[in-house]
Amino acid sequence: MAGMASKELKLTLEDENMVFIGGLKTLLPHAVRSLIRTNKLSISNTSGMAEGFKQANVVILHKSLADDFEKFCQANDGPLPLLYRSKPGEWKCQSLSSDADIRTDCLQYKKYENGACTGTLTSLKEFSEQLKDMVTFYLGCSFTFEKEIQKVGIPVRNVEQKLNVSMYKTAVPCWDTEHFHCDLVATMRPIPKDKLEAVVRTTYPMKKSHGAPIHIGNPGLLGIQDLSNPDYGDAVQAQPGDIPVFWACGVTGAEAVSNCKSPLAFTHAPGCMFITDLKVEDAAAGDGKDVPEVYRICQNPLHYSITSAAAVQKIRCLEDMVGVDPGDRGVTHLLTQDELLKACLSISHAQSVLITTGFPTHFKYEPPEENDGPPGAIAMAAMLKALGKNVAIVTDQRALNLNEKIIKEAVEQGILETPVPIISYQSDSVDSALLFLCEDGNPEKPRFNHLIAIERTGMAADGNYYNARKINIKHLVDPIDELFLAAQNIPGITTTGIGDGGNELGMGKVKEAVKKYIKNGDVIACNVDADFTVVAGVSNWGGYAVACALYILNTCEIHDRYLRKAVGFPRSSAKVKWTSALPSVAKEEKLLNILQRLEVRSGKTASLAMEVDGLPFYDIHSAMLEKLLEETMK
C-alpha cells in the first residue's frame, strides 16, 4: 500500500509539473521573465515558453570588441541574426521588452574568462560594475519558429520529448573578422520526410530566427560524426521516417567568444534564451515564386538541396527547350522531368567534377570523333571553373593529344579562361576504377564528387560499344564506363549522363525506353546507369543547358544561402564572372571552327561543314543557344 501511495504521489507531482510547464507556454513574456528573475523555475530550457513571441541568444562583450563582433554578425547573419545591440552598461532593451534586465532574465548564463568557460550562473548582478563597460548583443533564436512549424502540422521532437534541442559543432568555417573566428554551430530537428518542404517554407521567411535550414540529410556532410552525442543540448530521438534537418544556431556566438579569449565575457547557456516581447512574424513565404522547393540529390550519403520555385521553373524551361527531337529519332520518349534540375543541384554542391566525352563513330576517319560532345563538355567546364570548382576531362588514351589541342586553342580564343586538365583511364586491375576515383583507393576520400558523361560511348548489355548504325567500335574505346559503375558503390560520388540517342554512357537509366523507341535500341542501348539522365535533341544542347542551369541556381538567393550554409556573404559579386562563362553563339562558332581545323566531323554526315549531327550551326544550333540564354537571363 505504501508503494502504491508513493507511485500515486509521483504521478501527481509529474502531472502538476506538466500543467505548470503547459502554463508557461501560454504566459506572456514579462510573466515568464519575472519567474526566471526570481528563480522560481526548475526547467532546463526555454523551448516552447511564451509561445508566439521571439526568443534571443545573448552575447555580452567588452565595449572595445563590440564593433568587431557586430561585423562578425553581419558577415554570418544565418547563425547570428542581430535583433539589438545595447549601449555599454545598458541592461534594459526597450525595443525588445518593456521591463527586462539582462542581468537576471535568462535561465542560466555562461561566464568566459580568457576564452575558457569558467562557470554557469543564474544571475549576473554581482558583475554589475564590469557590465557598465560591456555591450549586450541579442541574436535571433530557432525556438521562435517551433510553434510556427507545429501550426502547419510538423512535429517538433525535442518539444514532444521535453528536451533541449540538439546542437552540434560543424566543420563549416564562419567568415572571420579581426577578433572573431569559429566554426558554425547548428541545431538539428528530426523532421518527417513528407514534411521537409513544409518546414523549409515555414522557416524560410523567418530570417531573424535563422530562417531556412542550412542542411538536410547526412550529418557527416557537415562534419558531425554522431547525432547521439550533441555538443550542446540533449540527444533527441528521431522517429521512423524522420530526416535530420539542420539550422544555423546562435551558440555559434559562444564559440566565437571562446576563441576570442577576451578577459571576461558572458553568453546565455545553450537553450536558456532571453524571451522578448516581440511577436513572431507571419511565416507566409512571399509571392509564390520566391519560395523554396526541396529535392533529394543523393541517397548515399543522404542529401537534399533547396532552390526557389522561380529557378525551378526556369530550369524546366531549359529542359523542355533542349528536349526536342530535330532528327526525329524518338528521343522525346526518353525524357523524364526534372533530371536536369536534380543533376545540376547535385553538381552545384560538388567541389570537384570529372567530365568525359568522345564518341568515335567515324571509325574510317582519323580522328574518328564526332563534334557533338566536346563543345558541350567545354561549356560545362567553363561554368564549373567560374564557380570555383576543380574540373578535369577524362578521355581515351588515343585521343589525349586531340583533346589537349582543342583545350589549348579554346583558351587562346577566349572560349575558356584557363586550361582544363586532360587525363586518361586505363583498366589494369579490378581496383583500377577505385584507385582512379579515390585517394589511395579509399572510398571515404573521393577525388571527385560528380562525374558527367556527355556524348560518351556507352557499353551495351553484351559488353560492346555501338554507334547509331549498330557498328561495334569497341576497339576505339577505353573502359571509362568502369568509373561510373564504381561510383555506384562510393558514397559521395554522383553521376550524370547526357545523351541524344540512348547509346551514350549513363543512358542505362532509360534503357528500356531506348530499346522500345530508338532505332537499333535493342542492340545499341547503353547498359550503364547514371544517377541523373539529361536527354537532349543534340547532346551539346544538354551541356549548354547544364551550364545555364548552374548559372540560374548560383544566382538564386535561396540556393546560394543553402550552399554557403548561411555564413559569409551572398556571392552576387561573382555574377559578372559567371555571366562571362556562359556559352554563346560567338564562342561556339569559334569552337566549331577549331574542330573543323582538327578534322573532327559531324556525327550523322561525317561532314566538316559548320554543322553538328547533320544540323547546320546557323539557324539551328545558334538559335537554340540564343533561346537558352534568353531564358537564363530573364
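In what follows, the structure referred to is the one given above.
What this report covers is the structure whose coordinates are included nearby. (Residues numbered from 1 in each chain as written. Predicted model: local features only at pLDDT ≥ 70, side-chain atom pairs only at ≥ 80, totals over all residues. Heavy atoms only, no water.)

**Concerning the packing of aromatic side chains**
Scanning all chains against the criterion turns up 12 aromatic pairs. Between the aromatic rings of Y84 and Y138, the centroid separation amounts to 6.0 Å while the plane-to-plane angle is 45°, which identifies the pairing as tilted. Linking Y84 in strand β2 (residues 82-85) with Y138 in strand β5 (residues 134-140), this pair joins segments that are 54 residues apart in sequence. Of the two residues, Y84 and Y138, both sit in the buried class. Ring geometry for Y425 versus F436: centroids 5.4 Å apart, planes at 80°, classification edge-to-face. Separated by 11 residues along the polypeptide, Y425 in the loop between β16 (422-424) and α13 (432-437) and F436 in helix α13 bring together distant segments of the chain. (Phe/Tyr/Trp six-rings, centres within 6.5 Å; stacked < 30°, edge-to-face > 60°. Helix = DSSP H or I, 4+ residues; strand = E, 2+ residues; numbered from the N terminus. Buried < 20%, exposed > 50% of the residue type's maximum accessible area, 1.4 Å probe, protein only.)

**Details of the sheet that holds strand β13 (residues 302-308)**
Each strand in a sheet pairs with its neighbour through backbone hydrogen bonds, running either in the same direction (parallel) or in the opposite one (antiparallel). Read across the sheet, 6 strands follow the order β6-β7-β9-β8-β13-β12 without closing on themselves; strand pairing throughout is antiparallel. Looking at the sheet topology across the chains shown, the edges are occupied by β6 (166-173) and β12 (292-299). The sheet shows a mean angle of 35° between the axes of neighbouring strands, taken without regard to direction. As judged from the 7 bridges shared by β12 and β13, these two strands associate in the antiparallel manner. The partner of R296 across the bridge, within β13, is Y304. Sheet strands touched by helix α9 (residues 309-322): β12 and β13. Its angle to β13, the strand with the most contacts, is close to 95°. (Pairing = 2+ DSSP bridges. Axes fitted to C-alpha atoms, helices over the stretch in contact; angles between N-to-C directions. Contact = heavy atoms within 4.5 Å.)

**Let's talk about the nonpolar core**
Core analysis: the biggest nonpolar cluster contains 97 residues, and I216, I355 and M383 have the highest contact counts within it. If one sorts the elements of this core by residue count, helix α17 (residues 539-554) sits on top with 11 residues. Once residues within four sequence positions are removed from consideration, I216 is found in contact with L196, V200, I243, P244, V245, V294, L302, H303, Y304, I306 and Y562. Of all hydrophobic cores here, the second largest spans 41 residues; its members include V59, F137, M188 and C249. (Core = buried A, V, L, I, M, F, W, Y, C linked by side-chain atoms within 4.5 Å.)

**Observations regarding the sheet that holds strand β17 (residues 450-456)**
In spatial order, the strands read β16-β15-β14-β17-β18-β19; together these 6 strands make up an open sheet with parallel pairing. Edge positions in the open sheet fall to β16 and β19 (532-535), since each of these has one partner strand only. The sheet shows a mean angle of 25° between the axes of neighbouring strands, direction not considered. Relative to strand β18 (residues 494-499), β17 runs parallel, the two being bridged by 5 bridges.

**Some remarks on helix α7 (residues 196-203)**
Looking at α7, one finds that the buried residues are L196, V199, V200, T202 and T203. For α7, the arc enclosing every buried residue in end-on projection is 165°, short of the 170-degree limit, so these residues lie on one face. Buried residues along α7 sit in contact with α5 (143-151), β7 (183-192), β8 (215-217), β9 (242-248), β12 and β13. (Arc of directions from axis to C-beta.)

**Considering the environment of P230**
You can see P230 is positioned in the loop between β8 and β9. Once the C-alpha coordinates of P230 and M167 are considered, the two residues, 63 residues apart in sequence, prove to be 5.6 Å apart. Residue contacts for P230: discarding those within four places in its chain leaves S166, M167, Y168 and A235.

**Here we look at the pairing of β12**
Across the 8 residues that make up β12, a large majority, 6, are buried. Counted between consecutive antiparallel strands, the loop separating β12 from β13 contains 2 residues.

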